[in-house]
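Chain by chain, the residues run as shown.
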Amino acid sequence: YCYYYGRDCEVDYSKAFECFSKGAFQGRVTSLYKIGDMYKNGFHVSQNLNEAFQIYSHCIDIINHEDDAKEYDADVYVRYADCYANGIGCEQDPLTALYWAQRAEYKFRVRESKNDPFARHGVDWAVDLINKCRYLMDGDILKSQPC
């Protein structure tokens, strides 16, 4: 995280990728989804939205099967929702995105209630996605309504 975000050092995506790779090989979901972020954004690796989506999908599988990975479920859920809301590595699917974004919002709000300083950003991201999904699903209906 220090190399990725430049916390007390310069941003160095090469070193961040190396550290996240080591963590991912040790089974750390946080490291794995950050590698997904790097593929999504093209940081140190060539941007590959399909690879990012596949990594996030794998994180979902891990969370569903390993209790100790559930601590980071909100972080994965919001990324998965973002993929479906914006067609990142998959077909755009607002209803599926809504499902994952609502789960993420709930989990982030639980973390926020426990004074997690990073939860607010997650809540905001999830709520933005929820609103986008509602607009995508209802937009055509709203456009056809007489004024």
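Refer to the structure presented above.
I will try to describe carefully the structure that is included in this document. Treat the numbers as computed from the prediction; the structure is a model and nothing was measured.

1. Some points on the pattern of salt bridges
Summed over the entire model, instances satisfying the criterion amount to ten salt bridges. Measuring nitrogen to oxygen at the nearest pair gives 3.5 Å for the salt bridge that ties Lys22 to Glu18. With Lys22 and Glu18 both in helix α2 (residues 13-25) and four residues apart, this pair spans about one turn of that helix. Judged by relative accessible area, which is 52%, Lys22 ranks as exposed. Among the residues examined, Glu18 registers a relative accessible area of 44% and is labelled partly exposed. Through salt bridges with shared partners, a single network forms among Lys34, Asp37 and Arg79.

2. A look at the packing of aromatic side chains
Tallied over the entire structure, the rule returns eleven aromatic pairs. Residues Phe17 and Tyr39 carry aromatic rings whose centres are separated by 6.4 Å and whose planes lie at 75° to one another, so their mutual orientation is edge-to-face. Residue Phe17 is found in helix α2, and its partner Tyr39 is found in helix α3 (residues 29-41); the two are separated by 22 residues along the sequence.

3. Let's talk about the packing of α3 against helix α5 (residues 73-86)
At a minimum axis distance of 10 Å, the contact between α3 and α5 shows a crossing angle of 25°. In terms of their interaxial angle, α3 and α5 are classed as roughly parallel. Taken as a pair, α3 and α5 cross one another with a handedness that is left-handed. Note on element contacts: α5 touches α3 through Asp75, Val76, Arg79 and Asp82, opposite Val29, Tyr33, Lys34, Asp37 and Lys40. Tallied by class, the residues present in the contact of α3 with α5 amount to three nonpolar, no polar and six charged.

4. Observations regarding the side chain of Thr30
Mapped onto the elements, Thr30 comes out in helix α3. Apart from residues no more than four positions distant in its own chain, Thr30 is found in contact with Tyr1 and Tyr72.

5. Quick notes on the environment of Leu136
In this structure, Leu136 sits in helix α7 (residues 119-144). Residue Leu136 is classed as partly exposed on the basis of its relative accessible area of 32%. Taking the C-alpha atoms as reference, Leu136 lies 6.5 Å from Pro94; in sequence the two are 42 residues apart. Once residues within four sequence positions are removed from consideration, Leu136 is found in contact with Ala85, Gln92 and Pro94.

6. Here we look at the nonpolar core
Counting 41 residues, the largest nonpolar core has Val29, Met38, Cys59, Val76 and Tyr80 as its most contacted members. Looking at which element gives the most residues to this core, the answer is α5, with nine residues. Setting aside residues no more than four positions away along its own chain, Cys59 makes contact with Val29, Leu32, Tyr33 and Val76.

7. Describing a negative patch on the surface
On the surface, a cluster of negative charge is made up of Glu66, Asp67, Asp68 and Glu71. Inspection of the secondary structure assignment puts Glu66 in the loop between α4 (49-65) and α5. A residue is classified by how much of its surface remains accessible, and Glu66, at 35% relative accessible area, is partly exposed.

8. Some details on unusual backbone geometry
Positioned with a positive phi, Asp8 is a non-glycine residue whose angle comes to about 65°. Its location among the elements puts Asp8 in the loop between α1 (2-5) and α2. By relative accessible area, Asp8 is classed as exposed at 85%. Positive phi, close to 65°, is recorded for Asn115, a residue that is not glycine. Locating Asn115 in the fold gives a position in the loop between α6 (94-113) and α7. For Asn115, a relative accessible area of 68% gives the class exposed.

Rules used throughout
- Residues numbered from 1 in each chain as written.
- Predicted model: local features only at pLDDT ≥ 70, side-chain atom pairs only at ≥ 80, totals over all residues.
- Heavy atoms only, no water.
- Salt bridge = Lys/Arg side-chain N within 4 Å of Asp/Glu carboxyl O.
- Helix = DSSP H or I, 4+ residues; strand = E, 2+ residues; numbered from the N terminus.
- Buried < 20%, exposed > 50% of the residue type's maximum accessible area, 1.4 Å probe, protein only.
- Phe/Tyr/Trp six-rings, centres within 6.5 Å; stacked < 30°, edge-to-face > 60°.
- Axes fitted to C-alpha atoms, helices over the stretch in contact; angles between N-to-C directions.
- Parallel < 35°, antiparallel > 145°, perpendicular 65-115°, else oblique.
- Left-handed = near helix turned anticlockwise from the far one by under 90°.
- Contact = heavy atoms within 4.5 Å.
- Nonpolar A, V, L, I, M, F, W, Y, C, P; charged D, E, K, R; others polar.
- Core = buried A, V, L, I, M, F, W, Y, C linked by side-chain atoms within 4.5 Å.
- Patch = residues over 30% accessible without salt bridge, like charges linked within 9 Å, V, L, I, M, F, W, Y side chains within 5 Å.
- Areas by Shrake-Rupley, 256 points an atom, 1.4 Å probe, with all protein chains shown as cover.
- Lys, Arg positive; Asp, Glu negative; His and termini not counted.
- Charge placed at Lys NZ, Arg CZ, Asp CG, Glu CD.

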